[in-house]
Amino acid sequence: MSIVASFLFLFSFARPPEVGQCATDGIEYVLDTFEPEGDFESEDNLESLLDDLADLKQQRLYLNESSAEDLLLLPWLTFSDVSNIISTRTDTGPITSEAALADIIGEEKASWSLPYIYFSRELQLRRKALREQIEGSLYTRYFTEMPERDGITTGSYAGENYKLYNRLQLSIPHLKASVVQEKDVGEPDLDDFTSFSLNAYDFGVLKSAVVGNYTLNFGEGLLMGQNRYFSKGSDPAGSVRLNSRRLKPYSSSGEYGFLQGVALTLRPGPFEVTAFTSSNRVDGRVSDDGLITSFDESGYHRTVTELERRDGVTETVDGANILWNFGASGVNGRVGGSMIHYSYSEPLQTLVESGIDRGEASSADLVGLEAVVTSGNAGIFFETVFSQKPDDSSWIAGASYEPTRGVSAVVAVRQYGEHYYSPFAGAFAERGDGASNEEGYYAGIDARLSRKVRVGAYYDWFRFPLLSPSSYPFPSKGHDMRLFASWKASSSIAWSLQLQHKKKEEASSAQGALGGAGTVNGYAPLPSLTDRVRLDSDIKLSRVLSMRTRGEVKRVRQEFFSGDVSYNGWLVYEQLNYKNGRLSLKWRGTVFNTDDYDSQLYAYEDGLPMQFDLGTYNGRGKSMFFLAAWQARENMKIAARYEITSYTDREVYSSGSDLRLTDSPASFHVGCLWSF
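Peer 1: Residue-level account of the overall build of the protein chain, with values.
Peer 2: For the protein chain, the helix and strand inventory stands at 12 helices and 31 strands. Its C-alpha radius of gyration of 25 Å places the protein chain within 12% of the 26 Å reference for a compact globule of 676 residues. In terms of principal-axis extent, the alpha carbons of the protein chain reach across some 70 × 65 × 50 Å. Counting only contacts in the protein chain whose residues sit at least 6 apart along the sequence, the fraction spanning at least 24 positions is 61%. A total of about 28,800 Å² of accessible surface is found on the protein chain, and carbon and sulfur atoms cover 57% of it. Each charge class in the protein chain was averaged separately, 66 positive and 90 negative side chains, and the resulting centres sit 7 Å apart.

Take a look at the structure:
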């Protein structure tokens, strides 16, 4: 640590200090303020978000004409930010500079937004003229672990100790093609997963058309929401909403959560019509009696069982969505509906358990209605969906209001049916994203008190009609509250604070074994209370050197019949960032101590270009990563990352086929991004 710090410190003064921003990237800000313990923040979802942002750099938004829906594709912009942008350009005219944008949304967010926007229509047209030729990129990454997993040593994994990723993209005006290839550690085939998409866009009435792999997002995601990247997080007044393009080509390496076929969106006048058809083979777990018990979302094909399960289920989906966009007398909005028919090659166990005849349990229809209406500083949103099998419904509704510039609030109510089922849902929820078996009331507020101070908070009360449908089919309720505060103390120092308190129950056999009141079939509800505090400090030491310090503590108290049991966890990390010319270096050292799985902590870590890693800290020890990136040429970047974690509470890492015979597992990752 001392050697790295000294090296970076000496070289940091190669140029004179300059006033700069403390946070290095908008996506880092977003990741640091969202809760990675939810069900949405998987690495596949994160990769898809980074791909979306990379595409947006190639198809920038014209700030002075873009809709609120388009501006919200920038994940660091809140609904309040977007509302202020639109009201400013409406009341005072076009926003023409970074400084003018900074007056509206703050210096950091304005700086982060620059690569994705145009202030001038002329610059946008000039950029398009320069692109009247083939453009493209080739991105290759290689990853390996030290030492290798036991499954590779013994042969229970059919492949070798490396992961390989390749992505080729080609584009001309209005047309883009993407090919992705990936194999994971332990998989035998170089082309274990291959994805292709061809996207045509902005051809007159044709807004977008995709052949190959694609994702869809309608309404608030209750029926179709394949790109909900985050749940509760740093935008208390906007986290409820689903902010993703309705139709987008799929160019990520995640092997589940997309459709395969043909889809298109047309814009005839005020209407927007999306139609699609898909036939895809997915990994499914099929029981001995021929029922699909679950879908395997991991995408691993290493063992005999995993290879036999590969592409074992055929999924067919057809449907359409129609929207009417309207605006008159200060009222704007859109209303529409969706209809989907899906079928699988075998019956679904979840439908059979809901009382559907086995012969009818392989297919179903879904119907949804959606609406968004805004007027001045207020707005409402709504979606309701109906499933044919089982016969149930879910809905969510909410209202937003901005009482003054820089302050926005939202309230929302959700009622997700106990038996509603959509394989494609991505809903706002406390538990899972399937828009089923949950009720809740949410209120959030976000306030920019000054150019230097911002605060936010939310409170979410939730109830599960069935705590566990299989083991404890009785109601349970809980709540979750968080407070956010950030303070830019000076041009080079910023602080941010997060506080969280959550109460939630789980069906526990350990609680049931104690035989207290409420025990049913050996299970009983186990209340769990979680308190968490996180404090970050960002310091710009010079023009080329910055540092971040984080401290986080977490306490989990479980209320057993025999008495309370508490588990504690904490971590501290220091990160140094050095960037000078074509060279950038990042180093982070972390010390952590957690008592139990329930008190483990998470932190996003910098990875190779267009990639982040989610660090999970469980046990006692220390970890370190070092990341180096070199802009070898204007159109070529090479990066490498080394990571190691040393545990003091174990002699081996993991178990089973993933066992690694060391207390200090390490990994190495290298990649090259070439644009042409």
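Right, picking up where we left off after that structure.
Peer 1: Report on the pattern of salt bridges, specifying residues and quantitative values.
Peer 2: For the structure on display, the rule yields 36 salt bridges. Arg 641 serves as the salt-bridge partner of Glu 605, at 2.7 Å between the closest nitrogen and oxygen. Highlighted residues: Glu 605 in strand E27 (residues 601–606) and Arg 641 in strand E30 (residues 636–647), separated in sequence by 36 residues. The class for Glu 605 is buried, based on a relative accessible area of 8%. In this structure, a network of salt bridges that share partners links the residues Glu 145, Arg 149, Arg 302, Glu 306, Asp 658 and Arg 660.

Peer 1: Talk me through the confidence of the model for the protein chain; I want residue IDs and the actual numbers.
Peer 2: Predicted confidence across the protein chain gives a mean pLDDT of 88, with 92% of residues reaching 70 or more. In this model, residues 1–23 is a region of pLDDT below 50 whose contacts with residues beyond four sequence positions or in other chains number 41 contacts.

Peer 1: Please give an account of the pairing of strand E25 (residues 563–580) that cites residues and values.
Peer 2: For a regular strand, the rule is simple: side chains alternate between the two faces of the sheet. Looking at chain direction, strand E24 (residues 545–560) and E25 are connected through 16 bridges and run antiparallel. Each residue of the ladder has a partner; that of Met 547, found in E25, is Leu 576. Following E24, the chain reverses through 2 residues before pairing antiparallel with E25. Taken together, the 12 bridges between E25 and strand E26 (residues 583–594) define a ladder with antiparallel strand orientation. Counted as the bridge partner of Lys 579 is Ser 584 from E26.

Peer 1: Describe in detail the packing of aromatic side chains, supporting the description with residues and values.
Peer 2: Tallying each qualifying case throughout the model produces 22 aromatic pairs. Relative to Tyr 162, the ring of Tyr 142 lies with its centre 5.7 Å away and its plane at 20 degrees, an arrangement referred to as stacked. Note that Tyr 142 is positioned in strand E3 (residues 135–146) and Tyr 162 in the loop between helix H9 (150–154) and strand E4 (163–172), a separation of 20 residues in sequence. Summarising the aromatic geometry, the rings of Tyr 250 and Phe 258 are spaced 4.6 Å apart at their centres and angled 20 degrees between planes, so their arrangement reads as stacked. According to the relative accessible area criterion, Tyr 250 is buried, its value standing at 4%. An aromatic cluster is present here, built from Tyr 256, Phe 295, Tyr 342, Tyr 344 and Phe 424 joined pairwise through their rings. Against the face of Tyr 573 rests Arg 588, its NZ or CZ located 3.9 Å from the ring centre. For the cation-ring pair, Arg 650 lies above Tyr 647, with the distance from its terminal atom to the ring centre recorded as 4.0 Å.

So, how was this worked out
Residues numbered from 1 in each chain as written. Predicted model: local features only at pLDDT ≥ 70, side-chain atom pairs only at ≥ 80, totals over all residues. Heavy atoms only, no water. Helix = DSSP H or I, 4+ residues; strand = E, 2+ residues; numbered from the N terminus. Rg over C-alpha atoms; globule rule 2.2 N^0.38 Å. Contact = heavy atoms within 4.5 Å. Areas by Shrake-Rupley, 256 points an atom, 1.4 Å probe, with all protein chains shown as cover. Lys, Arg positive; Asp, Glu negative; His and termini not counted. Charge placed at Lys NZ, Arg CZ, Asp CG, Glu CD. Salt bridge = Lys/Arg side-chain N within 4 Å of Asp/Glu carboxyl O. Buried < 20%, exposed > 50% of the residue type's maximum accessible area, 1.4 Å probe, protein only. pLDDT = per-residue confidence, 0-100. Pairing = 2+ DSSP bridges. Phe/Tyr/Trp six-rings, centres within 6.5 Å; stacked < 30°, edge-to-face > 60°. Lys NZ or Arg CZ within 6 Å of the ring centre and 35° of its normal.

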